[in-house]
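The chain contents come next:
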Amino acid sequence: MSKVQVSNEQTNSVQVQDVIIANQALKEVLNKTPLQYNEVLSNRYECNVYLKREDLQIVRSFKIRGAYNLIQGLTQVERERGVVCASAGNHAQGVALSCKLLKIYGKIFMPTTTPRQKITQVNRYGGPFVEVILTGDTFDDSFKRAKSYCDEHEMSFIHPFDDYRTVVGQATLGLEIMNEMDEPIDYVFAGIGGGGLISGVGSYLKSISPATKIIGVEPTGAPGMKESLARDQVVVLDTIDTFVDGAAVKKVGQLNFEICKEVLDDIVLVPEGKACTTILELYNENAIVVEPAGSLAVAALDLYRDQIKGKTVVCIISGGNNDIERMQEIKERSMIYEGLKHYFIVNFPQRAGALREFLDDVLGPNDDITRFEYTKKNNKENGPALVGIELKYKEDYEPLVERLNKKGFHYVEINKDPDLFNLLI
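Keep in mind the model is a prediction, meaning the values are calculated, not measured. (Residues numbered from 1 in each chain as written. Predicted model: local features only at pLDDT ≥ 70, side-chain atom pairs only at ≥ 80, totals over all residues. Heavy atoms only, no water.)

**Focus on the side chain of Glu332**
By secondary structure assignment, the location of Glu332 is in helix α15 (residues 327-337). Taking relative accessible area as the criterion, Glu332 reaches 14% and is therefore assigned buried. Aside from chain neighbours lying at most four places away, what touches Glu332 is Lys341, Tyr343 and Ile425. (Helix = DSSP H or I, 4+ residues; strand = E, 2+ residues; numbered from the N terminus. Buried < 20%, exposed > 50% of the residue type's maximum accessible area, 1.4 Å probe, protein only. Contact = heavy atoms within 4.5 Å.)

Here it is, written out as structure tokens:
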């Protein structure tokens, strides 16, 4: 079995020969995921859109590449001591499968917020060779605990992104893209969490095709790489939105940051609600199941609509580990982002027939109440109520608010109050 003979050194690019060697080693374990022309997206954006389908990878994400490449290069002594990793899900699955294939024992630390489906998958892929330890609310919390455990027991830490060997493994995805495309690529869009994927793929593609523009995509609630590049140093975000769990990282990798400074042409931020809309569209229009982080590259196309017209574009679908139990929340977030769902605290006037008046005179012909509950246990009819309203068209919102004001209803728009929204919705 070939091994990449490279230390965890700091460098501003991956070496092409290292990617070729890693690709040979990974052929034994990877699915060769397709690079598919997508007619729906191509017509929508008037360009040629290709999807690199890492959601069809053996662990349903690209993470097996970096994890296996790093672990298979360990010395025999390091293998005997075992490995440790921290992950929000996909990297854990890659490490788990690598441990089973290489018969190496591993401890896998995951945030308590990790979807159940990903935890189940980790145990399934790793079998008796791995133990899952849930700790902390975010990846960064799990990371600290994992590093501490690793140091205490002198085990090898399998970093999800900030390790040259991990980056080289992820770069094999770029090698496959270049091998499968017969025409020049104008743009490549890829999501960013810690930066392992974009730094690996971007570095390799720039070495082979310097004219290709590399566009990184982060969720609005976790813009770690964008903030770091803006300040020219790795920063630690105070808070993050953990919804896009595969990209919800407070601190990007130092190595990844250095590489991204050299290879990224731009970073765009995608609102979490927009990611949800993209998840639903990919499923409804293409029967493609993606997780929130896996939707980022496609979601960013709207922001680049003018630039990509007439161009050849590749979007990396980084993963498809989506828990079916999250679909209701995904639909809800999408509708709120699209302006189709609104929540209010409505204080009904203390007069007979106020509720009937609300239903008859405030709601429009296409408006539906999807949630209604009084906030007081006693004296319900005269107390405030939480009201969820679903619109057929977002343009119906302003007329709805006008009717509320005209009829004298006192209300609070929960959608515009993040603290109240998180508390009640």
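**Looking at the layout of surface pockets**
Empty pockets left among the atoms are what a rolling probe the size of a water molecule brings to light. When its volume is computed, the largest pocket comes out at roughly 840 Å³. The wall of the largest pocket is formed by 27 residues, among which Asp241, Arg333, Ile336, Phe421 and Asn422 lie closest to the centre. The set of elements that each furnish at least two residues to the lining of the largest pocket consists of α12 (272-286), α15, β11 (341-347) and α18 (418-424). If you tally residues by element for the lining of the largest pocket, the top one is α15, at six residues. Across the lining of the largest pocket, the residue classes break down as 10 nonpolar, eight polar and nine charged. Quantified by volume, the second largest pocket comes out at close to 230 Å³. (1 Å grid on protein atoms, 1.4 Å probe; cavity = no way out; pocket = protein on both sides within 12 Å on 5 of 7 lines; lining within 4 Å. Points joined across faces, edges and corners; volume = space filled by probe spheres on them. Nonpolar A, V, L, I, M, F, W, Y, C, P; charged D, E, K, R; others polar.)

**Focus: the sheet that holds strand β5 (residues 130-134)**
With parallel pairing, four strands are arranged side by side in an open sheet as β5-β4-β3-β6. Looking at which strands have only one partner, the edges of the open sheet turn out to be β5 and β6 (156-157). For strand β3 (residues 83-86) and β6, the ladder comprises two bridges, and the chain directions are parallel. Bridge assignment links Val83 to a residue of β6, and that residue is Ser156. Lying over the sheet, helix α5 (residues 90-102) contacts β3, β4 (106-110) and β5, oriented at roughly 165 degrees with respect to β3. (Pairing = 2+ DSSP bridges. Axes fitted to C-alpha atoms, helices over the stretch in contact; angles between N-to-C directions.)

**Things to note about helix α3 (residues 63-72)**
Three- or four-residue spacings in an α-helix give side chains the same orientation, since the helix completes a turn every 3.6 residues. Of all the 10 residues making up α3, 10 are buried; the element is thus mostly covered by neighbouring parts of the structure. All of the buried residues in α3 are Lys63, Ile64, Arg65, Gly66, Ala67, Tyr68, Asn69, Leu70, Ile71 and Gln72. Residues of α3 that are buried make contact with α1 (16-26), β2 (48-53), α4 (76-81), α5 and α8 (164-180).

**A look at the pairing of β11**
With six of its seven residues buried, β11 lies for the most part within the structure. In this sheet, strand β13 (residues 384-390) lies alongside β11 in antiparallel orientation, the contact comprising seven bridges. Opposite His342, over in β13, you have Ile389 as the bridge partner. Pairing of β11 with strand β14 (residues 410-413) involves four bridges; the strand directions are antiparallel. Of the residues in β14, the one forming a bridge with Ile345 is Val412.

**Regarding α5**
With 13 residues, α5 should cover 18 Å at 1.5 Å per step; its first-to-last C-alpha distance of 18 Å lies within 8% of that length. Within α5, 11 of the 13 residues are buried, which leaves it mostly tucked inside the rest of the structure. Where α5 is concerned, the buried positions are Asn90, His91, Ala92, Gln93, Gly94, Val95, Ala96, Leu97, Ser98, Cys99 and Leu102. Next to the buried residues of α5 lie α3, α4, β3, β4, α6 (116-126) and β5. Where α5 terminates, the next one or two residues include Lys103, which has phi positive at roughly 55 degrees. (Expected span 1.5 Å × (residues − 1).)

**Considering the nonpolar core**
In terms of nonpolar packing, the biggest core is built from 34 residues, with Leu51, Phe189, Val298, Leu301, Ile308, Val313 and Cys315 touching the most fellow members. Elements that contribute at least two residues to this core include exactly α2 (39-45), β2, β7 (187-191), β8 (213-219), β9 (266-270), α12, α13 (296-299) and β10 (312-317). In terms of residue count, α12 provides more of this core than any other element does, five residues in total. Look past the residues within four positions of Leu301 in its chain and what remains in contact with it is Tyr45, Val49, Phe189, Ile308, Val313 and Cys315. Leu70, Leu74, Ile104 and Ile108 belong to the second largest nonpolar core, which has 26 residues in total. (Core = buried A, V, L, I, M, F, W, Y, C linked by side-chain atoms within 4.5 Å.)

Purely spatial values, then, with no claim about function.
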